[in-house]
Amino acid sequence: MLTIFSWTDMSSTAFIEPLPVIDFVAQLLNRDVSSRPLSDADRVKIKKALRGVKVEVTHRGNMRRKYRISGLTSQATRELTFPVDERGTMKSVVEYFYETYGFIIQHTQWPCLQVGNQQRANYLPMEVCKIVEGQRYSKRLNERQITALLRVTCQRPQEREYDIIETVHQNAYHEDPHAKEFGIKISEKLASVEARILPAPWLKYHDTGREKNCLPQVGQWNMMNKKMVNGGTVNNWICINFSRQVQDSVALRFCFELSQMCYISGMAFTPEPVLPPISARPEQVEKVLKTRYHDAVTKLQTQRKELDLLIVILPDNNGSLYGDLKRICETDLGIVSQCCLTKHVFKMSKQYLANVALKINVKVGGRNTVLVDAISRRIPLVSDRPTIIFGADVTHPHPGEDSSPSIAAVVASQDWPEITKYAGLVCAQAHRQELIQDLFKTWQDPVRGTVSGGMIKDGVSEGQFYQVLLYELDAIRKACASLEPNYQPPVTFVVVQKRHHTRLFANNHNDRNAVDKSGNILPGTVVDSKICHPTEFDFYLCSHAGIQGTSRPAHYHVLWDENKFTADALQSLTNNLCYTYARCTRSVSIVPPAYYAHLAAFRARFYMEPETSDSGSMISGPAAGRGGMGGSGGPLSTRAPVAATAVRPLPALKENVKRM
């Protein structure tokens, strides 16, 4: 047994700097605010950043009354008037502040902050307001802010453990009067728990490669001397380059090297494109994509061939270009695409090309690897009878994105007994709705009569677990019954949580048998006692190798289990599945069906119309949702009922990218 120390960890968050609002806006716009009038884009940016923020007034001496910002006035301060008595006598805001407080407003061309509710207008000039200290910043951080936050918070396990112990010691909880009053005693030592390290599974590659099977070491392996177990085919492809820095000759050489890597890895890949690479400006994305696609398809039609792949070279900082491109390719043109950043095109490392080859292979219908135990039918329960593994997730718009829908996604395995290949469905649903509304539904078709369908044919908190179980298990039952009367396969239903504060540390940080080279616990470390639920079936699994900072284990909570999995069998299956993620040669931190659902839901946000989508604005369910397993075609997933809300549906995917 390995002894592991566990602590409910300190979390890190960003706070709004308690600046005068004028200074905050100057920083936000990154310019001298008196230099020119505010544009409409400036106003939108300010409104988004300040809505919901608490401010205190500074023009009344020690009387620092606090207000919460609800918006900005549509008029400039100099144009604003309000009634000062019951007869409706109007006075301007500028006059009022001068006469009442002796305060001369400088920025009269700016809007006022609107505070309180919309019914009773309450205007505050920005220059008399200061942001209240200690407010958590809940909106999206930009890349610079994220980098700065990570620099402070990204600690190796030994440093983090030391900081936690120091913080507990400094807080002197044993002297806290409130803790004493309730008889609470807080230990200054970390809790010691027992853990096991599950072995990595053997992976199957193609028999024509020098290495037919592979045993990962410390959560990773590579594609050297291996060929994909099922190589896909790319006969016809084109390349579009949106990077100014990349010349056509460089783009062509990169594509050739990539095609060679795909071929070496086991794919059938034609080295020559249908048309030569073409360069274009990002603002021309729609026009160029459609024109080049049409030209390629026209050329291929005479030979009765189809276009298999579009390779796209993007600038390193490409804003909304990536999302626009995926939306056009997948909902308009119906073409599989692979995007590559400029920095990788110039570097052209073998490792990068090998990873891209893995992505291309699964996009065109191949499989990279499968579990040896799956092929030899040695997975408990799953190998014994036809099984579908489902994953589900919901991504929510960022706080402040009031009108955007939430996006739900469900994926399901397609290839029992290997359970490696997944197809998925996505749908938009009510804003911040946690339960998946369209898991199963029926509707009237004028020709076929009553038709059934939906997303079955996490982002959930613990308080929602059983609400979600009841709602979604019912939807699964109905979906199964619609396929065949009395068809009720046994279901195992698991919630996967990544957003929690539990961290696991090795008893001895210098024990090479207990930690990896980053100092983190080894992949396969599982804990199912002491820090878990006293009566329910749950466990913590760290299935991945740490790269930076302190690894966060995934928390798996079994809500329903008709397949009667033993703890060993389910933990082993979960750990083994984490080695089948198709996009890299590493074990991943959450079970792949939940991961794929998370990616699908995030991708679908790009499918919304450009004016309503926000390429980076996403909050996942409980950090990547739910995964599910069930014998005899049984599924797994999670969520609950909701009031009907009018939500514009997502555009349909084209047929030839649906199973990507």
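In this text, all values refer to a predicted model and were calculated from it rather than measured experimentally.

J.: Just to check I follow, could you spell out the overall build of the protein chain for this structure?
T.: For the protein chain, the count of helices and strands is 15 helices and 30 strands. Here the protein chain holds 660 residues, and 50% of them are scored as buried. Of the roughly 32200 Å² that the protein chain leaves accessible, carbon and sulfur atoms contribute 50%.

J.: Sorry if this is basic, but what is going on with the side chain of Ser-259 here?
T.: If you trace the backbone, Ser-259 turns up in helix α7 (residues 248-264). When neighbours within four sequence positions are excluded, Ser-259 is seen to be in contact with Phe-269, Thr-270 and Pro-271.

J.: Would you mind going over the packing of aromatic side chains with me for this structure?
T.: The description of two aromatic rings rests on the distance between their centres and on the angle between their planes. Within this structure, the stated rule accounts for 13 aromatic pairs. A ring pair is formed by Trp-221 and Tyr-579, whose centres lie 6.1 Å apart and whose planes are at 25°; its orientation type is stacked. Classification of Trp-221 by relative accessible area gives buried; the value is 11%. Given the relative accessible area of 2%, Tyr-579 is considered buried.

J.: Looking at this model, I keep getting lost on the state of the cysteines. Mind explaining?
T.: Cysteine pairs can be covalently joined through their sulfur atoms, and such a bond is termed a disulfide. The tally for this structure, following the rule as stated, stands at 0 disulfides. Take Cys-578: it sits in no disulfide, and the sulfur closest to it among the cysteines is that of Cys-542, at 9.8 Å.

J.: I'm lost on the environment of Val-345 in this one. Help?
T.: Note on placement: Val-345 falls in helix α10 (residues 342-347). Residue class for Val-345 comes out buried when judged on its relative accessible area of 0%. As for Val-345 and Phe-254, which are separated by 91 residues in sequence, their C-alpha atoms are 6.2 Å apart.

J.: Hey, could you run me through helix α13 (residues 465-483) in this one?
T.: Each α-helix winds once per 3.6 residues, and so residues spaced three or four apart point in a common direction. With 19 residues, α13 extends 27 Å between its outermost C-alpha atoms, agreeing within 8% with the 27 Å of an ideal straight helix rising 1.5 Å per residue. Within α13 the residues assigned to the buried category are Phe-465, Val-468, Leu-469, Glu-472, Leu-473, Ala-475, Ile-476, Ala-479 and Cys-480. The buried residues of α13 occupy an angular sector of 160° when the element is viewed end-on, so they sit on one face.

J.: Is there a simple way to think about the sheet that holds strand β18 (residues 370-371) in this case?
T.: Within a sheet, neighbouring strands are paired by backbone hydrogen bonds and run either parallel or antiparallel to one another. As summarised here, the arrangement of the 3 strands in space is β11-β10-β18, forming an open sheet in which the pairing is antiparallel. The open sheet is flanked by β11 (213-214) and β18, the only strands paired with a single partner. Note that strand β10 (residues 203-204) and β11 share 2 bridges and pair antiparallel. What sits directly across from Lys-204, in β11, is Asn-213.

J.: Just to check I follow, could you spell out the sheet that holds strand β7 (residues 123-124) for this structure?
T.: Strand order in the open sheet formed by 5 strands is β7-β6-β3-β2-β8, and the pairing between neighbours is antiparallel. Of all strands in the sheet, those bounded by a partner on one side alone are β7 and β8 (129-131). In this structure, strand β3 (residues 66-76) lies alongside strand β6 (residues 111-115), joined through 4 bridges in antiparallel fashion. Across the sheet, Leu-72 pairs through a bridge with Leu-113, a residue of β6. Along the sheet, helix α1 (residues 21-29) makes contact with β2 (54-57), β6 and β8, crossing β8 at roughly 65°.

J.: Even after reading the chapter, I still don't get the packing of α7 against helix α11 (residues 350-363), so can you show me in this structure?
T.: Each pair of packed helices can be described by the angle between their axes along with the distance between the axes. Closest axis-to-axis distance for the α7/α11 pair is 9 Å, and the angle between their directions is 65°. Our classification of the angle between α7 and α11 gives roughly perpendicular. In the crossing of α7 with α11, the sense of the turn from one axis to the other is right-handed. Across from Phe-254, Glu-257, Leu-258, Met-261 and Cys-262 in α7, the residues of α11 making contact are Lys-350, Tyr-352, Leu-353, Ala-354, Val-356, Ala-357 and Ile-360.

J.: Looking at this structure, how should I read unusual backbone geometry?
T.: Glycine aside, negative phi is the norm for most residues, and most peptide bonds take the trans geometry. The omega angle of the peptide bond from Trp-416 to Pro-417 is 10°, so this bond is cis rather than trans. Its place among the elements puts Pro-417 in the loop between β20 (406-413) and β21 (422-429). Unlike most non-glycine residues, Arg-304 shows phi in positive territory, near 55°. By the element assignment, Arg-304 lies in the loop between α8 (285-301) and β16 (309-314). Even without being a glycine, Lys-564 presents a positive backbone phi close to 55°. Tracing the backbone through its elements, the reader meets Lys-564 in the loop between β28 (554-561) and α14 (567-577). Lys-564 gets classed as exposed once you look at its relative accessible area, which sits at 67%.

J.: Sorry, what's going on with the pattern of salt bridges here?
T.: When the charged atoms of two side chains with opposite charge come close together, those side chains can pair. According to the stated counting rule, one finds 18 salt bridges in the structure shown. One salt bridge connects Asp-373 with Arg-378, and the closest N-O pair in it is separated by 2.8 Å. We classify Asp-373 as partly exposed; its relative accessible area is 27%. Classification of Arg-378 as exposed rests on a relative accessible area of 52%. Asp-474 serves as the salt-bridge partner of Lys-478, at 3.1 Å between the closest nitrogen and oxygen. Of the two residues, Lys-478 and Asp-474 are both situated in helix α13; the distance of 4 residues between them amounts to about one turn of the helix. Overlapping salt bridges, with partners in common, bring together Glu-56, Arg-64 and Lys-66 in one network.

J.: Help me understand a nonpolar patch on the surface in this model?
T.: Together, Tyr-173, Phe-182, Ile-184 and Ile-186 make up a nonpolar patch on the protein surface, roughly 400 Å² of accessible area in all. Among the structural elements, Phe-182 can be located in the loop between α6 (177-181) and β9 (191-197).

J.: Is there a simple way to think about the pairing of β20 in this case?
T.: Side-chain direction in a regular strand flips from residue to residue, so the side chains alternate between the two faces of the sheet. Within β20, 8 of the 8 residues are buried, which leaves it mostly tucked inside the rest of the structure. Here 8 bridges tie β20 to β21, and the two strands are oriented antiparallel to one another. Within β21, the residue paired with Ile-407 across the bridge is Ala-428.

J.: What's the story with α11 in this structure? I'm lost.
T.: In this model, α11 (14 residues) spans 20 Å end to end at C-alpha, consistent with the 20 Å of a helix rising 1.5 Å per residue. Taken residue by residue, α11 has Tyr-352, Leu-353, Ala-354, Val-356, Ala-357, Leu-358, Ile-360, Asn-361 and Lys-363 as its buried positions.

J.: Explain the nonpolar core to me, please; I cannot follow it from the model alone.
T.: The tendency in soluble globular proteins is for nonpolar side chains to be buried as a group. Counting 66 residues, the largest nonpolar core has Trp-237, Phe-254, Leu-258, Phe-269, Leu-309, Ile-360 and Tyr-556 as the members making the most contacts within it. Here this core gets 7 residues from one element, more than from any other, and that element is α11. Those residues in contact with Tyr-556 that lie beyond four places of it in its chain are Val-494, Val-495, Val-496, Phe-537, Asp-538, Phe-539, Leu-541, Thr-574, Cys-578, Ser-589, Ile-590 and Val-591. Core analysis: the second largest hydrophobic core is formed by 32 residues, Leu-38, Ile-69, Val-93 and Leu-113 among them.

J.: Can you help me understand the environment of Leu-310 in this one?
T.: Tracing the sequence through the fold places Leu-310 in strand β16. Spatially, the C-alpha atom of Leu-310 lies 4.6 Å from that of Ser-337, the residues being 27 residues apart in sequence. Not counting residues up to four positions away in its chain, the partners in contact with Leu-310 are Ile-238, Ile-240, Leu-289, Cys-329, Ile-335, Val-336, Ser-337 and Gln-338.

J.: Looking at this structure, I do not really get the packing of α1 against helix α2 (residues 40-50). What am I missing?
T.: Two elements in contact, α1 and α2, have axes separated by 11 Å at closest approach and are oriented at 120°. Relative to α2, α1 is oriented oblique. Judged by the twist between their axes, the crossing of α1 over α2 is right-handed. Mapping the contact onto sequence places Val-21, Phe-24, Val-25, Leu-28 and Leu-29 in α1 and Asp-42, Lys-45, Ile-46, Ala-49 and Leu-50 in α2. For the contact of α1 with α2, a count of residues per class yields 8 nonpolar, no polar and 2 charged.

What counts and how
- Residues numbered from 1 in each chain as written.
- Predicted model: local features only at pLDDT ≥ 70, side-chain atom pairs only at ≥ 80, totals over all residues.
- Heavy atoms only, no water.
- Helix = DSSP H or I, 4+ residues; strand = E, 2+ residues; numbered from the N terminus.
- Buried < 20%, exposed > 50% of the residue type's maximum accessible area, 1.4 Å probe, protein only.
- Areas by Shrake-Rupley, 256 points an atom, 1.4 Å probe, with all protein chains shown as cover.
- Contact = heavy atoms within 4.5 Å.
- Phe/Tyr/Trp six-rings, centres within 6.5 Å; stacked < 30°, edge-to-face > 60°.
- Disulfide = S-S within 2.5 Å.
- Expected span 1.5 Å × (residues − 1).
- Arc of directions from axis to C-beta.
- Pairing = 2+ DSSP bridges.
- Axes fitted to C-alpha atoms, helices over the stretch in contact; angles between N-to-C directions.
- Parallel < 35°, antiparallel > 145°, perpendicular 65-115°, else oblique.
- Left-handed = near helix turned anticlockwise from the far one by under 90°.
- Salt bridge = Lys/Arg side-chain N within 4 Å of Asp/Glu carboxyl O.
- Patch = residues over 30% accessible without salt bridge, like charges linked within 9 Å, V, L, I, M, F, W, Y side chains within 5 Å.
- Core = buried A, V, L, I, M, F, W, Y, C linked by side-chain atoms within 4.5 Å.
- Nonpolar A, V, L, I, M, F, W, Y, C, P; charged D, E, K, R; others polar.

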